Structures are given as structure tokens and as C-alpha cells.
Amino acid sequence: MTDMTVSEVSKGLGISTRMLRYYEKEGLIKTKRREDYAYRIYDEAAVKRLRQIVVLRKLRIPLKDISTILNASEISEALKVFLEKIRETEEEISSLAVIRDTLSEIARLGASGSLPLLENKLLSVSELLTPVKNQLKENGAMNNENKEEMLDKANEKLEKANDNVRILLLPPFTVASNHVIDFEPEEKVDKPVDKFIRESGLYDIKPDARYFGFNHPNPGVLKDGRHGYEVWVTVPDDMALPEPLVKKRFNGGLYAALAIKFPDFHRWNELVRWVQSSELYEENYSELGDEIMGGCLEEHLNWVYASHTGWQDDVTGQLDLLLPIKKMNKQ
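Residue numbers restart at each chain and count upward from 1, following the sequence in its written direction. The predicted nature of this model means local features are confined to residues of pLDDT at least 70 and side-chain atom pairs, given and counted, to a pLDDT of 80 or more, with totals for whole chains, interfaces and linings taken over all residues. Water and hydrogen atoms were dropped before computing side-chain values, which therefore reflect all heavy atoms in the structure.

## A word on the pairing of strand E5 (residues 173–182)
Exposure is judged per residue with a 1.4 Å probe applied to protein chains only, and the accessible area is read against the type maximum: over 50% gives exposed, under 20% gives buried, and values in between give partly exposed. Helix and strand definitions follow DSSP, with helices as H or I runs of at least four residues and strands as E runs of at least two, each counted in order from the N terminus. Burial within E5 is extensive, with eight of its 10 residues counted as buried. Only when DSSP finds a minimum of two bridges between them are two strands counted as paired. As judged from the five bridges shared by E5 and strand E8 (residues 246–250), these two strands associate in the antiparallel manner. The residue bridging Thr 174 from the neighbouring strand is Arg 249, located in E8. Summarising the sheet, E5 and strand E7 (residues 227–234) pair through eight bridges and their orientation is antiparallel. From the neighbouring strand, Ser 177 faces E7, where its bridge partner is Trp 232.

## Let's talk about the side chain of Asp 182
Structurally, Asp 182 can be placed in strand E5. We classify Asp 182 as buried; its relative accessible area is 11%. Counted as a polar contact is a pair of N or O atoms within 3.5 Å, where, for protein atoms, one must be capable of donating a hydrogen and the other of accepting one, and residues adjacent in sequence contribute only when both atoms are in side chains. Among the polar contacts listed, one links the side chain of Asp 182 to the side chain of Lys 188, at a separation of 2.6 Å.

## Here's the deal with helix H1 (residues 6–13)
Within the span of H1, buried status applies to Val 6, Ser 7, Val 9, Ser 10 and Leu 13. Angularly, the buried residues of H1 cover 165 degrees about the axis, an arc narrow enough to put them on a single face. Seen from the buried face of H1, the exposed residues on the opposite side, beyond 90 degrees, are Lys 11 and Gly 12. Contacts are residue-level and defined by heavy atoms, with any inter-residue pair within 4.5 Å sufficient. In this fold, the buried residues of H1 make contact with strand E1 (4–5), helix H2 (17–25), strand E3 (40–42) and helix H3 (44–58). At the exit of H1 stands Gly 14, carrying a positive phi of roughly 70 degrees. The arc refers to the directions leading from the helix axis to the C-beta atoms.

## Digging into the sheet that holds strand E2 (residues 32–33)
Taken together, three strands build an open sheet; the order of strands is E1-E3-E2 and the sheet is antiparallel. Looking along the sheet, the strands with just one partner apiece sit at the ends: E1 and E2. Direction of pairing for E2 relative to E3: antiparallel, over a ladder of two bridges. Bridged to Arg 33 within E3 is Arg 40.

## Brief notes about unusual backbone geometry
Glycine aside, the phi torsion of most residues is negative, and most peptide linkages are trans. The linkage connecting His 216 with the following residue, Pro 217, adopts the cis geometry, with an omega of 0 degrees. Mapped onto the fold, Pro 217 is located in the loop between strand E6 (211–215) and E7. With an omega of 10 degrees, the peptide bond between Glu 243 and Pro 244 qualifies as cis. As for its position among the elements, Pro 244 is in the loop between E7 and E8.

Here you go:
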């Protein structure tokens, strides 16, 4: 097998370049550089390791546990992680089974064509879901307590995104923008902004400054494997900017926001599904479409403060995924 470039691995395995760099930073994989090539490359061992990571992520195993599995000195260490995941999955399966069985029972009554029976069943389910345990005891429904807990747990697990999504109105603001198109633009784009924040004392001038990023253009748009990434840091309207930063005006807008820990960018899918299933909001993507992620933004929380302090404080990598939305026009 020949060595692969970052863009080849990203496209072949469906892993973003940011995720690849994060995996390397966390010690999950190792890359190397050739003297005749400017970018990192992945040998057969690194690609094999990445395939294992992809499988483990699809099994919903957290990165910290993946590190334990791949770096285990004893098989028992890896097995402990798998057994714990099996236990969690069995709990979820049991919870879903309760929901399925209850729905099936209601559907059978509906198929009988008896509306009173169906209404009575729905009432009994609503009583089942009441949080007042004393009432259940008085009605002799103690045998349903476990079922109630299972339903609550299943909803807690399966509606996580619903609980965490916020509706956020971004105001208009002025930004200092930096835009890089390269094979690994994320590695280069934030360095001039970081330097600007520290040298200008931006945090002292504007302690509420915010930092955003987005693909521009998206991976796959350019045929040579390159893509772009643009970052914004909010600044006072009259602030002078050094090159290569460019001043831009953002008009603001309404967004659905989901907070994630870096690098859980796969949770974009959760946010998209939430908006698509919403009865109040719908997508409001930019006319530029895929060129700029449809107008979606990634706000890097605490980034400006961390830059201001020279990255001395241990600030956990957190982001808000922001998807542009608008209220449905119900006629």
C-alpha cells in the first residue's frame, strides 16, 4: 500500500481533516513527513488504525474509551470497555422495547375500530407516565413503575438533541476575517487571528468578542483536493486591521444551536434532523449553498479568551454548531 495524503484519507474514510489532526494530537494515530512533500502523509499502519477508529466510533464508543482499547497492554482493559458498552446498549434496547410494545398495543386497539377502547388505552398510558408515584400506588399500578422508568430513560437517551438545541438570534456585527484555501487550511487560518488578538489587546477592548469558523469552500468543491476555511473574530466597527485580516459586516440572523465538545462534528446530523422535524422552524440556508456550508457557522467558545492568555489556561474545547433557520410560514 502506498502512503496517502490527508485529503486522500479524509475522502476515502469520510473523516474531516480536523478530526484527523485531533486524532493525532490525542495520540491515537501518527503521521510522518517526506522530505519531498510539504504535507503530512499516512502510512499503512496509520490508515489501518484509522479504520479501527471509524468502526469503534460507529459503535458509539467515546474517543477516551477508543484510546483505552487501542493502547491497552492487556486484553482485559479493552474487554472492560466493550462490556460496559454492551450493558448501556442493553438498557437502551430494553427501553425501546417498552415503547415499541406500548405502541403496538395501542395500534392493535386502533385496528379494531373501537374508538372508546383506544381512548381508554391512551388515558391509561397517560396515567402510566405521570410522575406522581403515590397516585400509582393508590391505583394499584405499582407493577407499572418499572415500565414508566424505562419509558423515561428511553426518551432521555433518544431525545438528547431535542433537550440541547437552543434557538439563538445573532445580532449584526463587524468581524475581522481570515480565509485560507489549502490542503489543510484549518492549520493555518487561525494563526494570524491569534497574533492579532494578543498584539491588539482585543480582549481588553472587547471582552465579549466571539470567534466563528466555517468551510469556504466545502471539501469536495475544488477538484484538486483542496478546500477552504474562513474564521471571524468580532471587532469594534472602527478598529484597524493588519493584513491578511479583512473587515466584513455580518447581518445577523436566527439559528438553531447545539453545543458540542471538540471534535464531535458528526453531531451536525443531529442538529439537521432536529430542524427538519421541528413544527415551528425550517432551514434558511444561504443562497451560496455548499460553497459556505449553507451559511452554517461553528462558534468556538472561549477561543478569544484563550488566545488572550496565550493558551495558558486549560479551556475545554467547546463549540456551538449554528444552523440558519426561519419560522415556518403557516397559512
